[in-house]
Amino acid sequence: MRVWKFGDNIDTDAIIPGRFLTIYDPKELASHAFEGTRDEFSKNAREGDVIVAGKNFGCGSSREHAPLALSGTGIRMVVAQSFARIFYRNAVNVGLYPLVCPDADRIEDGASITVNIRDGSVEYNGVRYRIDPVPRFMQEIVDAGGLVEYARNLKEVPVCTGSHR
Amino acid sequence: MGATVVEKIFSSKCGRDTRAGDVVMAPVDGAMIHDITGPLAIQKFYEMNGTSVFDPEKVILLFDHQIPADSIPAAENHVYMRNFALEQGILNYDLKEGVCHQVVMEKGRAAPGEIVVGADSHTCMYGAGGAFATGIGSTDMGFVLKYGALYFRVPETIRADVHGKFQSRTGAKDLILSIAHDIGADGATYKAIEFTGETVKGLDMAGRMTCCNMAIEMGGKAGIVPPDNTTWEYFSARRKMTPFPLKSDEDAKYFCWNNYDVDDLSPQVAIPHNVDLGVDVEKVAGTRIDQVFIGSCTNGRFEDFAEAAEVLGKNSFSEKVRVIIIPASREEYLKVLRAGLIERFVEAGALVEAPCCGPCMGGAFGLLAPGEISLSTSNRNFKGRQGSTEAFVYLCSPATAAASAIYGEITDPREV
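Residues numbered from 1 in each chain as written. Chains lettered and ligands numbered in written order. Predicted model: local features only at pLDDT ≥ 70, side-chain atom pairs only at ≥ 80, totals over all residues.

1. A few points about the overall build of chain A
Here comes step 1: Counting its regular elements, chain A contains seven helices and seven strands.
Here comes step 2: Ordered by position in the sequence, the α and β elements of chain A form the string β-α-α-α-β-α-β-α-β-β-β-β-α-α.
Here comes step 3: By the compact-globule yardstick of 15 Å for 165 residues, chain A fits well, its C-alpha radius of gyration being 16 Å.
Here comes step 4: With respect to the principal axes defined by its C-alpha atoms, chain A has extents near 45 × 40 × 25 Å. (Helix = DSSP H or I, 4+ residues; strand = E, 2+ residues; numbered from the N terminus. Rg over C-alpha atoms; globule rule 2.2 N^0.38 Å.)

Structure (structure tokens):
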């Protein structure tokens, strides 16, 4: 997988600027992803690429347009040292894997990496780095194909029957 | 072990002892959608085979980001949401009431002890009224619209204990910018921030809203001020409620406990391009500015404009600066209007716009060209937030904005 490397605190205004928020189609959003801050991304990002970033990826606005714009390029995963909370949930809900890798900062732009979600690892330059496991209730949503599919199949919502630690 | 105010709210809503780290499917008391994130939430609601919303009276629906419609797609989004409101029997505030968060507060639709979600990151503002409130995405909101509940991981709480007396022309915005600088842009990720201490108790509701609004700028899931007399007085005129005790136990377990003292706090300015880059105004005084925006959910209330007008006095705004004034809601607009402040601002050279998100949204109007510099009382100074990615946004209080607008450069409001 080809790496698009980003730094810390990549905000959702950078991922998709405010003037494009009347758009909801992922492919059209993708054509404006990182417009003005990294123009070559929307031109060259393609299916199977992966975003690797530092801390607090996706901070700021709750706009779901941000993970949609990334998934519209065909990218399926973002590997970061940490994620902002709302982006993390939005990504899961639209079927984009947010993967936490404490060593993500070691990975360089343009590198080729292998991500193995089942093993919980990223392989880069012959070294394996750990990925934090996706929380179980999030995994259930991802396994269902996103929150829409998950919710479609719910007969009844188990309000307040969430499990203790 | 005692419980935090946030743990108590979840325990009460869930009918059992609920602690930080627990994952619960909790019922929500309110769900807010606006013209940017609402259309997608409605689409997701339908995709989930939703036919009728969980409770039309608990859905808050309005337009504030692109009003009056600034493009045909925006107008289409408004029509789509109007039709949804009609179909579902939801009260639609449409574009008439103002910025979502201010409207939710003044209509009493997020009250102490409630759990409220909004498809907007600054939903955390309702914590100023003692609610647990958090921003969510559109798909999560589609789920909420259908089921009236959502998965939450009950957050740990950072306690921000604030003491001391503000210097003149220094206040809540300076406090929260300094706290953001201390905690950092991701220092409160997944956590609630509970604001306490004599200084917070002394803040009016407007100031508490400014603080809670910006919890998200530290990654926070929620900001909250436990309800006191100020809170209950605010709600007495807005909602039939009997006051009840709601505060953290003395032996509650916090993620950390931070103490802040405002005695020596200078007016703060967050420099481009991150909110946690707050500095004392003295360090950036003299910086040229092209546009000043006073408004937004963070600082668009009567108290904010009164502060700006007090600093403005009989001066005029600099010829070199565009000053854009936008009250956050119709109610606030009327207060500012009746106090004669609109006349004063217009006389001084400002543009006054109808209640909306304005330049903060970076898509409607008031956009910046490459190389331009904006000084703004809003909440984000990200690259490109207010237009060109080659423009610069500085954040400050209404007092600092007004002082700077007089001179056309960043100015310490204490020296005007």
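2. Quick word on the overall build of chain B
Here comes step 1: Broken down by element type, chain B carries 15 helices and 18 strands.
Here comes step 2: Expected size for 416 residues packed as a compact globule is a radius of gyration near 22 Å; at 20 Å, chain B falls within 12% of this value.
Here comes step 3: In terms of overall dimensions, chain B has a C-alpha envelope of 60 × 55 × 40 Å along the principal axes.
Here comes step 4: Here chain B holds 416 residues, and the buried ones make up 62% of them. (Buried ≥ 20, exposed ≤ 12 C-beta atoms within 10 Å, placed from the backbone.)

3. Digging into the domain arrangement of chain B
Residue and element names in this part refer to chain B.
Here comes step 1: When cut into domains, chain B gives domain 1 (5-241) and domain 2 (268-415).
Here comes step 2: Centre-to-centre, using C-alpha coordinates, domain 1 lies 24 Å away from domain 2.
Here comes step 3: Across the boundary between the two partners, domain 1 contributes 33 residues, which contact 34 residues of domain 2.
Here comes step 4: Only helix H4 (100-106), helix H6 (172-183) and helix H8 (205-213) provide two or more residues apiece to the side of domain 1 that touches domain 2.
Here comes step 5: Of all the elements, H6 adds the most residues to the side of domain 1 that touches domain 2, at six residues.
Here comes step 6: Per-class residue counts for the side of domain 1 that touches domain 2 are nine nonpolar, 14 polar and ten charged. (Domains from an automatic or database assignment. Contact = placed C-beta atoms within 7 Å. Nonpolar A, V, L, I, M, F, W, Y, C, P; charged D, E, K, R; others polar.)

4. A few points about the interface of chain A and chain B
Here comes step 1: Every contact between the two is made by 42 residues of chain A and, on the other side, 51 residues of chain B.
Here comes step 2: Elements with a minimum of two residues in the side of chain A that touches chain B: helix H1 (12-15), helix H5 (85-93) and helix H7 (147-152) of chain A.
Here comes step 3: The element that contributes the greatest number of residues to the side of chain A that touches chain B is H5(A), accounting for five residues.
Here comes step 4: Of the residues assigned to the side of chain A that touches chain B, the class counts are 16 nonpolar, 16 polar and ten charged.

5. Examining the sheet that holds strand S6 (residues 121-124) of chain A
Residue and element names in this part refer to chain A.
Here comes step 1: Within the open sheet, the three strands sit side by side as S5-S6-S7. Their pairing is antiparallel. Single-partner strands in this sheet number two, and they are strand S5 (113-116) and strand S7 (127-130). If you compare each strand with its neighbour and ignore which way they point, the axes differ by 20° on average.
Here comes step 2: Here four bridges tie S5 to S6, and the two strands are oriented antiparallel to one another. Counted as the bridge partner of Thr 114 is Glu 123 from S6. (Pairing = 2+ DSSP bridges. Axes fitted to C-alpha atoms, helices over the stretch in contact; angles between N-to-C directions.)

6. Points about the packing of helix H12 (residues 302-312) of chain B against helix H15 (residues 398-407) of chain B
All names here are of chain B.
Here comes step 1: It is the contact of H12 with H15, at a shortest axis distance of 8 Å, that shows an interaxial angle of 35°. As for how H12 packs across H15, the hand of that crossing is right-handed. For the pair formed by H12 and H15, the contact residues are Asp 304, Phe 305, Glu 307, Ala 308, Val 311 and Leu 312 on the first element and Pro 398, Ala 399, Ala 401, Ala 402, Ala 403 and Ile 406 on the second. (Left-handed = near helix turned anticlockwise from the far one by under 90°.)

7. A closer look at the packing of H6(B) against H8(B)
All names here are of chain B.
Here comes step 1: In contact at an axis separation of 9 Å, H6 and H8 are set at 20° when each is read in the N-to-C sense. Here H6 is positioned roughly parallel relative to H8, judged by the angle of their axes. Both H6 and H8 take part in a crossing whose hand is right-handed. Along the contact surface, H6 presents Ala 172, Lys 173, Leu 175 and Ile 176, while H8 presents Gly 207, Thr 210 and Cys 211.
Here comes step 2: Within the contact of H6 with H8, the residues separate by chemical class into four nonpolar, two polar and one charged. (Parallel < 35°, antiparallel > 145°, perpendicular 65-115°, else oblique.)

8. A closer look at the pairing of strand S4 (residues 97-100) of chain A
A regular strand places its side chains on the two faces of the sheet in alternate fashion.
Residue and element names in this part refer to chain A.
Here comes step 1: For strand S3 (residues 77-80) and S4, the ladder comprises four bridges, and the chain directions are parallel. Bridge assignment links Met 77 to a residue of S4, and that residue is Tyr 97.
Here comes step 2: Chirality of the crossover, the property in question, places the unit of S3, H5 and S4 among those that are right-handed. (Right-handed = clockwise from strand over helix to strand, strands pointing away.)

9. Looking at the nonpolar core
Here comes step 1: Ranked by size, the top nonpolar core spans 192 residues in total, and within it A:Val78, A:Val79, B:Ala31 and B:Leu150 carry the most contacts.
Here comes step 2: With seven residues, the top contributor of residues to this core is H6(B).
Here comes step 3: If we ignore the near neighbours within four places in the chain, the residues touching A:Val78 are A:Ile51, A:Ala53, A:Phe57, A:Leu70, A:Ala91, A:Leu96, A:Pro98 and A:Leu99. (Core = buried A, V, L, I, M, F, W, Y, C linked by C-beta atoms within 7 Å.)

10. Regarding unusual backbone geometry
Here comes step 1: Of note, the bond from B:Ile67 into B:Pro68 is cis; its omega dihedral lies within 30 degrees of zero at -25°.
Here comes step 2: The topology assignment puts B:Pro68 in the loop between strand S3 (59-62) and helix H3 (72-88).
Here comes step 3: For the bond running from B:Pro272 to B:His273, omega is 0°, close enough to zero to count as cis.
Here comes step 4: Relative to the assigned elements, B:His273 resides in the loop between strand S12 (268-270) and strand S13 (278-280).
Here comes step 5: Residues other than glycine seldom take positive phi values, yet A:Phe34 does so here, at roughly 55°.
Here comes step 6: The topology assignment puts A:Phe34 in the loop between helix H2 (26-30) and helix H3 (40-44).
Here comes step 7: In the Ramachandran plot, B:Arg169 falls in the positive-phi region, its phi being about 55° despite a non-glycine side chain.
Here comes step 8: Position of B:Arg169 relative to the elements: it lies in the loop between strand S8 (157-163) and H6.

11. Looking at the environment of A:Val148
Here comes step 1: Within the secondary structure layout, A:Val148 lies in helix H7.
Here comes step 2: Put simply, A:Val148 and A:Gly74 are 74 residues apart on the chain and 19 Å apart in space, counted from C-alpha to C-alpha.
Here comes step 3: Not counting residues within four places of it along the chain, the set of residues in contact with A:Val148 comprises B:Lys44, B:Glu47, B:Met48 and B:Thr139.

12. Points about H5(A)
Residues and elements named next belong to chain A.
Here comes step 1: For H5, the buried fraction is high: nine of the nine residues fall into the buried class.
Here comes step 2: Those residues of H5 lying buried are Arg 85, Ile 86, Phe 87, Tyr 88, Arg 89, Asn 90, Ala 91, Val 92 and Asn 93.
Here comes step 3: Positive phi appears at Gly 95, one or two residues downstream of H5, with a value of about 85°.

13. With respect to the environment of A:Trp4
All names here are of chain A.
Here comes step 1: On the secondary structure map, Trp 4 appears in strand S1 (residues 3-5).
Here comes step 2: For Trp 4 and Arg 85, which are 81 residues apart along the polypeptide, the C-alpha to C-alpha distance reads 21 Å.
Here comes step 3: Other than its neighbours up to four places away in sequence, Trp 4 contacts Phe 41, Ala 45, Asp 49, Ile 51 and Asp 109.

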